[in-house]
Amino acid sequence: MQGIPAGSLSQLQFIVEGWPPGDFVQIEGANQPPCRVELIHADSLSYRITAFFSGSFFWLIAAFVLAPRCKNEAARYFFWMTLLYGLGIGLGGVYFNPLVWSARSLFSFLQFAVLAFLPPIFMGLAQTFPRVLPFRIRFPLLMPILWGTATILALWQFATYQRYFMDPGLELAESLALPGKVADLFMILQALAGIALLVVQMRGLELTREKQQAKWVLVGVVVGASPYVFVRNLMQLMGQDAPLPHHVDRIFELAIPLAFGMAIARYRFLDIDIIIRRGLLYSILAGVMSLLILVFGYLMGLISPDPDGTLHWVHVMLTGVAAGLVFPFMVRWIGRCVDRTFFLITYDNTQALRQLRQDLDLI
C-alpha cells in the first residue's frame, strides 16, 4: 500500500506499526526529501518477556484455580476477568491493518471486545462477591445495560477502524479518537464504581473470611489496574502521554490474578480439587525451573571453545540430566515455600509432638 497520509507523529507511528520488523517504508515530508527507513522492534526484549509471563500467569490462574469453580456466579466473573485480561495482554493492541478483513481484523475486534467487556465483568464481580449486594436486586437492568453498552462500544470502535483501513485518509484518521475516548471514559467510570461497590461490601461484612476475601480483591484491582486505567487512559483522555512504559503496567497487573487466587484458593485450600491442583501447579513451576536450567546449559555451550561441535551438546546433556535429577526436589521445595506463604501450611511437627507428650504425661 502506498501514499498513506499522516497528519501527526502519532498517526505516522500507528501506520508504520502495521508492518512487521525488517520491512522498508519511505516517508515523505512536505518540505523534506524522501527518507527510506527499515522498521525495527519498538518493544524491548524485556517488555516482550514481561508481557509473555504476565499473560501466562493470568491464564494459569484462570485455568487451574478459577475454571473448575465456574458453577458459582462470582467465580465465573473471576474466571472471565482473568481470562480476558490475559487475552488482552497477549493480543498487545490494535495496529494499522493494510489487509482489511484478514486474521488481524479478528484480533483487532477481540482487543476492542476485551477492553469493552472487562469493566462490566468487574462491575458484576463487585456486586456478587463475597455476597450479593441488595443493590443488584434493586437494579436488575443495570448489568444488561452495561453488556449492551460494551457491545456497542466494541462494534463502534471496530467499524471506525475498519473504515479507516479501507480508506486511510486524514479525515477518517481524526475520527478514530472519539470512540476510543468514549470507551476509555466508560472504563474509568466503571472501574471507580466497582471499587466503590467493593468498599461498600467490606463495610457490611461480618465474617473475617469474607472481609479478607474482599480486601484481597480490592487491593489487587487497585494496584493492578491503576497504572493502565487511572494513569495511562486518564492522561490519554487529557491529550498527554503516559509517564510510565508499558512493561511497568504489565508488572503491576500481576497483582490482579494473584489477588484473585488468594481470595478464592487460600480460604478453601482443604477442598480436594484444590489440593490436586496445588500438586499440579508445583509440578508446572518445577518444570519451568528445570527448563531454565536446560536453557542455561545451552547458553553455556554457546560460549564454549567448540560451540558448533560435540562439546556444546555435552553441556546440554549434562544440564538436562541435572535438571531431571533435581526436579523432584524442586517440586517439594516449591510446595513447601508456597504452602508456608500462600496457604499458611506448616510442616513443622515439633509443637504438635510436644503437646502430645504433655497430654500423655497427664494420662
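Since this is a predicted model, take the numbers as computed values, not measurements. (Residues numbered from 1 in each chain as written. Predicted model: local features only at pLDDT ≥ 70, side-chain atom pairs only at ≥ 80, totals over all residues. Heavy atoms only, no water.)

(A) Here's a closer look at helix H2 (residues 45-66). Taking 1.5 Å of rise per residue, 22 residues should cover 32 Å, and H2 covers 31 Å from first to last C-alpha, within 8% of that figure. Listed in full, the buried residues belonging to H2 are Tyr47, Ala51, Ser54, Gly55, Phe58, Leu60, Ile61, Ala62, Val65 and Leu66. (Helix = DSSP H or I, 4+ residues; strand = E, 2+ residues; numbered from the N terminus. Expected span 1.5 Å × (residues − 1). Buried < 20%, exposed > 50% of the residue type's maximum accessible area, 1.4 Å probe, protein only.)

(B) How the structure looks around the nonpolar core. Counting residues in each nonpolar core, the largest one holds 43 residues, and the members touching the most others are Phe78, Leu125, Phe129, Val217, Val229 and Phe260. Elements that contribute at least two residues to this core include exactly H2, helix H3 (73-91), helix H4 (103-128), helix H6 (142-166), helix H8 (177-204), helix H9 (208-237) and helix H11 (255-265). Top element by residues in this core is H3. It accounts for 8 residues. Once residues within four sequence positions are removed from consideration, Phe129 is found in contact with Ala74, Phe78, Leu198, Gln201, Gln213, Ala214, Val217, Ala263 and Ile264. Counting 18 residues, the second largest nonpolar core, distinct from the first, contains Phe96, Phe112, Ala173 and Leu176. (Core = buried A, V, L, I, M, F, W, Y, C linked by side-chain atoms within 4.5 Å. Contact = heavy atoms within 4.5 Å.)

(C) Up close: unusual backbone geometry. Looking along the chain, the bond that leaves Phe129 and enters Pro130 is cis, with omega of -5°. Structurally, Pro130 is set in the loop between H4 and helix H5 (134-138).

(D) Geometry of a nonpolar patch on the surface. A cluster of nonpolar side chains, namely Val219, Val222, Val223, Ile251 and Phe252, defines an oily patch on the protein surface of about 380 Å² accessible area. At the level of elements, H9 and helix H10 (246-253) are the ones that each hand at least two residues to the nonpolar patch. Broken down by element, the residue count for the nonpolar patch peaks at 3 residues, all from H9. Position of Val223 relative to the elements: it lies in helix H9. (Patch = residues over 30% accessible without salt bridge, like charges linked within 9 Å, V, L, I, M, F, W, Y side chains within 5 Å. Areas by Shrake-Rupley, 256 points an atom, 1.4 Å probe, with all protein chains shown as cover. Salt bridge = Lys/Arg side-chain N within 4 Å of Asp/Glu carboxyl O.)

(E) View of the environment of Gln162. Within the secondary structure layout, Gln162 lies in helix H6. Gln162 sits 54 residues away from Ser108 along the chain, and the two C-alpha atoms are 9.4 Å apart.

(F) How the structure looks around the pattern of salt bridges. Scanning all chains against the criterion turns up 4 salt bridges. The salt bridge involving Glu73 is made with Arg136; its shortest N-O contact spans 2.6 Å. Here Glu73, found in helix H3, pairs with Arg136, found in helix H5; they are 63 residues apart in sequence, far enough to count as distant. Taking the shortest distance from any N to any O, the salt bridge between Arg250 and Glu253 comes out at 3.0 Å. A residue pair is termed a helical-turn pair when its members lie 3 or 4 positions apart in one helix, as Arg250 and Glu253 do in helix H10 at 3 residues.

(G) Fine view of the packing of H2 against H3. At a minimum axis distance of 8 Å, the contact between H2 and H3 shows a crossing angle of 160°. Between H2 and H3, the angle is such that the two are roughly antiparallel. Handedness of the H2/H3 crossing: left-handed. Here Ala51, Ser54, Gly55, Phe58, Trp59, Ile61, Ala62 and Leu66 of H2 come into contact with H3, specifically with Phe78, Phe79, Thr82, Leu83, Tyr85, Gly86, Leu87 and Ile89. Split into classes, the residues belonging to the contact of H2 with H3 amount to 12 nonpolar, 4 polar and no charged. (Axes fitted to C-alpha atoms, helices over the stretch in contact; angles between N-to-C directions. Parallel < 35°, antiparallel > 145°, perpendicular 65-115°, else oblique. Left-handed = near helix turned anticlockwise from the far one by under 90°. Nonpolar A, V, L, I, M, F, W, Y, C, P; charged D, E, K, R; others polar.)

(H) Representation of the environment of Val114 in the model. Along the polypeptide, Val114 turns up in helix H4. Apart from residues lying up to four places away in sequence, Val114 is in contact with Leu84, Leu87 and Gly88.

(I) Spotlight on the packing of aromatic side chains. All chains considered together, the criterion is met by 12 aromatic pairs. A centroid spacing of 4.7 Å and a plane angle of 80° characterise the contact between Phe78 and Phe260, whose relative ring orientation is edge-to-face. Of this pair, Phe78 sits in helix H3 while Phe260 sits in helix H11; the two residues are 182 residues apart in sequence, bridging distant segments of the chain. The pair formed by Phe78 and Phe260 is uniform in burial state, with each residue classed as buried. Taken together, a centroid distance of 6.0 Å and an interplanar angle of 50° make the contact between Tyr164 and Phe165 tilted. Each member of the pair, Tyr164 as well as Phe165, carries the same accessibility label: buried. (Phe/Tyr/Trp six-rings, centres within 6.5 Å; stacked < 30°, edge-to-face > 60°.)

(J) Inspection of the packing of H4 against H6 at higher detail. The N-to-C vectors of H4 and H6 enclose an angle of 160°; their axes lie 9 Å apart at closest approach. Classified by the angle their axes make, H4 and H6 are roughly antiparallel. The crossing of H4 and H6 is right-handed. A per-class count over the contact of H4 with H6 returns 18 nonpolar, 6 polar and no charged.

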